[in-house]
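Structure at a glance
Below are the chains, spelled out letter by letter.
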Amino acid sequence: MATLIEKILRRNTGKKDAKPGDIVTAKVDRVMVHDIFIPFVADKFEEMGFTKVWDPDRMVLVYDHMVPASQVDDVRHFHRGDAFARKYGIKNVHRTDGICHQLMAEKYVQPGDVVFGTDSHTVTYGALGAFSTGIGYTEMAGILGTGELWLRVPETIRVNIQGTLPENVTSKDVILTVIGDISASGATYQSLEFAGSTVDRMSVASRLTMSNMTVEAGAKCGLCYPNRETLHFTDTHPMSKGIFGDDYKDAFDEIFRTVLTGDVAAKAADSVEPGSHVPGTPGFLKGETGSLCYESSPEGTEFARVLNYRAEDFRPVMACPSQVDAVRPVEKEAGIKVDQVFIGSCTNGRLEDLQAAAAILKGKKVAPFVKLIVTPASRDVYRATLADGTLETLSEAGAMITTPGCGLCCGRAGGILSDDEVVVATNNRNFLGRMGTSKVQIYLASPVTAAHCALAGEIAL
């Protein structure tokens, strides 16, 4: 039995026996370039001597990190991107539509695709059952000229999660706990493959949150088995028709087989009984979250490691300053004064995230002197939250609603902080200097936890 990443790459490359460690050349289904990297991609592309993009319809250009422009030089990126698009016939250009990863999931990526982007959080689309990962501008220039890229087939860490998550626990708490258990380097150049009844019941949005953060453990990709909800989500893609043609469903069945008639991921996970902690595993079971993760022996399986969790054991957690794997239960940080709360990003700026925050804030007010910034992940999310009253609820509670985009996550488009200020944020990184000075204290949490902190004016739940 092959892992999910092996199935995808075997079909894409035609190498039916491709295994971890093998070097393969992938035929690329989609590429994404965002505003920060487009000048460098364009320059390198022409420096390499290419005169045309291999398939302009497969390239997506997104302006999101620098929108709206906050520095004079930002405009140069937009001009260079527009010039490249005009010269080479790139039609899929999004100038003010939201975050690249949200747009790629909403409009372009299908299960089984091989996708590359000039951003490390390109791993997000693994939630749809696609192999997607971030690359540099030189590799991207090469793809634009040839449509191909070589890579090494990664090993797989299987993460099995069974049961029902407790109240106030979200997929953000799940992925933070996993990262805390295995460490920020615990999945370096490996595929994190999520399975089990808990994952199968998650919404597509919740899965996107988990896949998005797998790179924070060093992973090459983070994959979920598609189910019916995934198919419904991707079938609504307005841009997918004509590229995949009539063989799309056949390709899906070839890779995922029985997914349409039953949850193959959950069944596979059910066959793996909880084992025990394997002595000597670096960074495993730090004891901070008390998640009771058991590691099964991978012997006799196709996996490098197998981690097993009971959903009922998860609790609300935070990644504490300034490391994403410094994960502790929220109650252990309770009482720390909060200056600002940010709800948004490609991790947690989707409809269900903003709705969860609004449900907590409805009829209440943000604590005095606390700034609450809410940034929808895309224009579609903005419209949906406007239509259902979510934005009105958040605004009445005192939130500042910003234009769809990366916003505060990359520390450019408003809301940066100063020395010793504390921010609770729903994005994916809390590195020094990411949201202002190097002395800003960044706590990463779910939208549920973030909303509670905004109300209390301190870390609370």
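Refer to the structure above for everything that follows.
To start, this report covers the structure provided alongside it. (Residues numbered from 1 in each chain as written. Predicted model: local features only at pLDDT ≥ 70, side-chain atom pairs only at ≥ 80, totals over all residues. Heavy atoms only, no water.)

Details of the overall build of the chain
For the record, the criterion: Per the convention used, a helix needs a DSSP run of H or I reaching at least four residues, while a strand needs a run of E reaching at least two, with both numbered from the N terminus. Only protein chains enter the accessibility calculation, which uses a 1.4 Å probe; a residue whose area is less than 20% of its type maximum is buried, one above 50% is exposed, and one in between is partly exposed. Here the open area of atoms and residues is found with the Shrake-Rupley method and a 1.4 Å probe, where only the protein chains shown may cover a residue.
What the chain contains, in helices and strands, is 16 helices and 19 strands. The 461 residues of the chain split such that 59% are buried. Counting every atom, the chain has about 17100 Å² of accessible surface; 52% of that belongs to carbon and sulfur.

Remarks on unusual backbone geometry
Here the bond from valine 67 into proline 68 is cis, since omega is -10°, no more than 30 degrees from zero. Relative to the helices and strands, proline 68 is located in the loop between strand E3 (59-62) and helix H3 (74-88). Residue serine 322 is bonded to the preceding proline 321 through a cis peptide linkage, with omega at -10°. Along the polypeptide, serine 322 turns up in the loop between strand E13 (317-319) and strand E14 (327-329). Phi at serine 183 is positive, roughly 85°, even though this residue is not glycine. On the secondary structure map, serine 183 appears in the loop between helix H6 (171-182) and strand E9 (190-195). A relative accessible area of 13% means that serine 183 is categorised as buried. The backbone of aspartate 420 shows a phi angle near 70°, a positive value even though the residue is not glycine. Mapped onto the elements of the fold, aspartate 420 is located in the loop between strand E17 (400-401) and strand E18 (422-425).

Section: the packing of helix H13 (residues 351-361) against helix H16 (residues 447-456)
A packed helix pair is summarised by two numbers, namely the angle formed by the two axes and the spacing between the axes. Our working definition: Only the stretch in contact is used when fitting a helix axis, every axis being a line fitted to C-alpha atoms; angles between N-to-C directions are given from 0 to 180 degrees. When the near helix sits turned anticlockwise from the far one by under a right angle, the crossing is termed left-handed; a clockwise turn instead gives a right-handed crossing. Residue contacts are counted whenever heavy atoms from the two residues lie within 4.5 Å of one another. Amino acids are sorted into nonpolar (Ala, Val, Leu, Ile, Met, Phe, Trp, Tyr, Cys and Pro), charged (Asp, Glu, Lys and Arg) and polar (every other residue, Gly among them).
Contact geometry of H13 with H16 gives a least axis separation of 8 Å together with a crossing angle of 35°. You can see that H13 and H16 cross each other, and the crossing is right-handed. On the side of H13, the interface is formed by Asp353, Ala356, Ala357, Ile360 and Leu361, while H16 contributes Pro447, Val448, Ala451, His452 and Leu455. Of the residues in the contact of H13 with H16, the class split is eight nonpolar, one polar and one charged.

Comments concerning the side chain of histidine 34
Quick reminder of the rule: Polar contacts here mean pairs of N or O atoms no more than 3.5 Å apart (in protein, one a potential hydrogen donor and the other a potential acceptor; neighbouring residues in sequence count only if both atoms are side-chain atoms).
Along the chain, histidine 34 turns up in strand E2 (residues 30-34). At a separation of 3.0 Å, a polar atom in the side chain of histidine 34 contacts the main-chain carbonyl oxygen of threonine 118. Apart from residues no more than four positions distant in its own chain, histidine 34 is found in contact with Val62, Asp64, His65, Cys100, Thr118 and Asp119.

Let's talk about the sheet that holds strand E8 (residues 155-162)
Sheet strands pair by backbone hydrogen bonding; their relative direction is either parallel or antiparallel. Heads up, the condition is: Here a strand pair is declared whenever DSSP counts at least two bridges between the two strands.
Reading across the sheet, the five strands line up as E10-E9-E8-E12-E11 and stay open at both edges, with mixed pairing between neighbours. Among the strands making up the open sheet, the edge pair consists of strand E10 (221-224) and strand E11 (294-296). The average angle at which neighbouring strand axes cross in this sheet is 25°, direction not considered. Here six bridges tie E8 to E9, and the two strands are oriented parallel to one another.

Digging into helix H1 (residues 4-13)
Each α-helix winds once per 3.6 residues, and so residues spaced three or four apart point in a common direction. Burial of H1 is extensive: eight of the 10 residues sit out of reach of the surface. For H1, the complete set of buried residues consists of Leu4, Ile5, Glu6, Lys7, Ile8, Leu9, Asn12 and Thr13. In the segment just after H1, glycine 14 is the residue with positive phi, at about 80°.

Quick look at the pattern of salt bridges
What counts is decided by this rule: By definition, a salt bridge exists where a carboxyl oxygen of Asp or Glu is found within 4 Å of a side-chain nitrogen of Lys or Arg.
The final tally for this structure, using the stated rule, is 23 salt bridges. Across the pair arginine 10 and glutamate 6 runs a salt bridge whose closest N-O atoms are separated by 3.7 Å. In this pair, arginine 10 and glutamate 6 both sit in helix H1, four residues apart, roughly one turn of the helix. Given a relative accessible area of 6%, glutamate 6 falls into the buried group. In this structure, aspartate 380 and arginine 383 form a salt bridge, with 3.2 Å as the shortest nitrogen-oxygen distance. Placement of the pair is aspartate 380 and arginine 383 together in helix H14 (residues 379-387), with a separation of three residues, close to one helical turn. In this structure, a network of salt bridges that share partners links the residues Asp43, Glu46, Arg80 and Lys87.

Description of the packing of aromatic side chains
The following threshold applies: Aromatic pairs are defined between Phe, Tyr and Trp rings, using the six-membered ring for Trp, whenever the two ring centres lie within 6.5 Å; interplanar angles under 30 degrees are classed as stacked, those over 60 as edge-to-face, and all others as tilted. Throughout this description, the term charge over a ring refers to an Arg CZ or Lys NZ atom that lies within 6 Å of the ring centre and within 35 degrees of the ring normal.
Under the counting rule described, the total for this entry stands at 10 aromatic pairs. When the centroid spacing of 4.7 Å and the interplanar angle of 45° are considered together, the rings of phenylalanine 84 and tyrosine 88 count as tilted. With phenylalanine 84 and tyrosine 88 both in helix H3, this residue pair falls four residues apart, about one helical turn. Tyrosine 88 shares its class with phenylalanine 84; the two are buried. Here the aromatic cluster, defined as three or more aromatic residues joined through ring pairs, consists of Phe45, Phe50, Phe84 and Tyr88. Positioned above the aromatic ring of tyrosine 189 is the side chain of arginine 152, whose terminal nitrogen or guanidinium carbon lies 4.1 Å from the ring centre.

Notes on the pairing of E8
The side chains of a regular strand alternate between the sheet's two faces. Inclusion rule: Every crossover in which the path from the first strand over the helix to the second runs clockwise, viewed with the strands pointing away from the viewer, is termed right-handed.
Here E8 lies mainly inside the structure; six of its eight residues are buried. Note on the crossover from E8 through H6 to E9: the handedness is right-handed. Where E8 lies against strand E12 (residues 305-310), six bridges are found, and the strand directions are parallel. Counterpart to isoleucine 161 in the pairing with E12 is tyrosine 309.

With respect to H3
The test is simple: How far a helix is expected to stretch is found by multiplying one less than its residue total by 1.5 Å. Arc definition: directions from the helix axis to the C-beta atoms.
For H3, built from 15 residues, the straight-helix expectation of 21 Å at 1.5 Å per residue is met to within 8% by its first-to-last C-alpha distance of 22 Å. Those residues of H3 that sit buried are Asp74, His77, Phe78, Gly81, Asp82, Phe84, Ala85 and Tyr88. Angular distribution of buried residues about the axis of H3 spans 160°; they occupy a single face of the element. Exposed and facing more than 90 degrees away from the buried side of H3 are His79, Arg86 and Lys87. Those residues of H3 that are buried are in contact with helix H2 (38-47), E3, strand E4 (93-94) and helix H5 (137-146). Just downstream of H3, glycine 89 is the residue with a positive phi angle, here 75°.

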